[in-house]
Amino acid sequence: MKKIVLMCLALAMGAGIATAAKPAAGKKIVTSVFVTDIDCEHCVKKIMNNVPSLGRGVEEVEVDLATKEVKVTYDASKNNEAQLVKGFASLKVKAEPKPAEEERK
């Protein structure tokens with residue numbers, strides 16, 4: 001009887017571990033670069049202190065004041081570039097997606 005109980009417990013734990021190891025279905029992480037009109041450290045702080053205003057699924061934001069670019073890593077199933085531009089607009093920051101050919105340079 002003990003062996004049967006232990007086997008059932010081992011199966012249950014194995015199933016739990018297998019389920020936890022699977023990546024989230026439908027989650028696609030994307031990084032987009034936006035050219036903005038920021039020109040001071042205050043603008044950088046405004047963006048960094050209000051990341052939730054950019055929309056759902058935003059995982060990371062990097063601001064480069066020297067190039068006036070903002071790199072946003074987000075879940076594409078919850079957000080897109082158009083919604084991120086609206087999020088920047090809510091912070092009174094003009095932003096537009098950087099064309100792909102410029103990103104490779």
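Throughout what follows, the structure given in this document is the object of discussion. (Residues numbered from 1 in each chain as written. Predicted model: local features only at pLDDT ≥ 70, side-chain atom pairs only at ≥ 80, totals over all residues. Heavy atoms only, no water.)

The strand order across the open sheet built from four strands is β2-β3-β1-β4, with neighbouring strands paired in antiparallel fashion. If you trace the sheet from one side to the other, it starts and ends with β2 (58-64) and β4 (95-97), each paired once. Strand after strand, the sheet turns through a mean of 25° between neighbouring axes, direction not considered. The pairing of β2 with strand β3 (residues 69-75) spans six bridges and is antiparallel. If you follow E60 over to β3, its bridge partner there is T73. Helix α2 (residues 41-48) rests against β2 and β3 of the sheet, and its axis sits at about 175° to β2. (Pairing = 2+ DSSP bridges. Helix = DSSP H or I, 4+ residues; strand = E, 2+ residues; numbered from the N terminus. Axes fitted to C-alpha atoms, helices over the stretch in contact; angles between N-to-C directions. Contact = heavy atoms within 4.5 Å.)

On to the side chain of T36, then. By secondary structure assignment, the location of T36 is in strand β1 (residues 29-36). Here T36 falls in the buried class, since its relative accessible area comes to 8%. Every residue in contact with T36, bar those within four places of it in the chain, is listed here: K68, E69, V70, V93, K94 and A95. (Buried < 20%, exposed > 50% of the residue type's maximum accessible area, 1.4 Å probe, protein only.)

Our next topic: α2. Along α2, the positions that sit buried rather than exposed are C43, V44 and I47. Along the axis of α2, the buried positions cluster into a sector of 100°, meaning they face one direction only. Contacts made by the buried residues of α2 are with β2, β3 and α3 (81-90). (Arc of directions from axis to C-beta.)

Bringing the pairing of β3 into the picture now. Burial analysis of β3 places five of its seven residues in the buried class, the great majority of the element. Where β1 meets β3, seven bridges bridge the pair, whose relative direction is antiparallel. Pairing of T31 across the sheet is with T73, part of β3. Taken together, β2 and the strand that follows it, β3, pair antiparallel across an intervening segment of four residues, in which K68 is found at a positive phi of about 60°.

Pairs may arise between side chains of opposite charge once their charged atoms sit close together. Throughout the structure, instances matching the rule amount to one salt bridge. A salt bridge links E69 to K98; the shortest N-O distance between them is 2.5 Å. Taken together, the residues E69 in strand β3 and K98 in the loop between β4 and α4 (100-103) connect sequence positions 29 residues apart. (Salt bridge = Lys/Arg side-chain N within 4 Å of Asp/Glu carboxyl O.)

Of note in this structure, K68 is not a glycine but carries a positive phi near 60°. Its place among the elements puts K68 in the loop between β2 and β3. Not every positive phi belongs to a glycine, and K92 is a case in point at roughly 65°. Relative to the helices and strands, K92 is located in the loop between α3 and β4.

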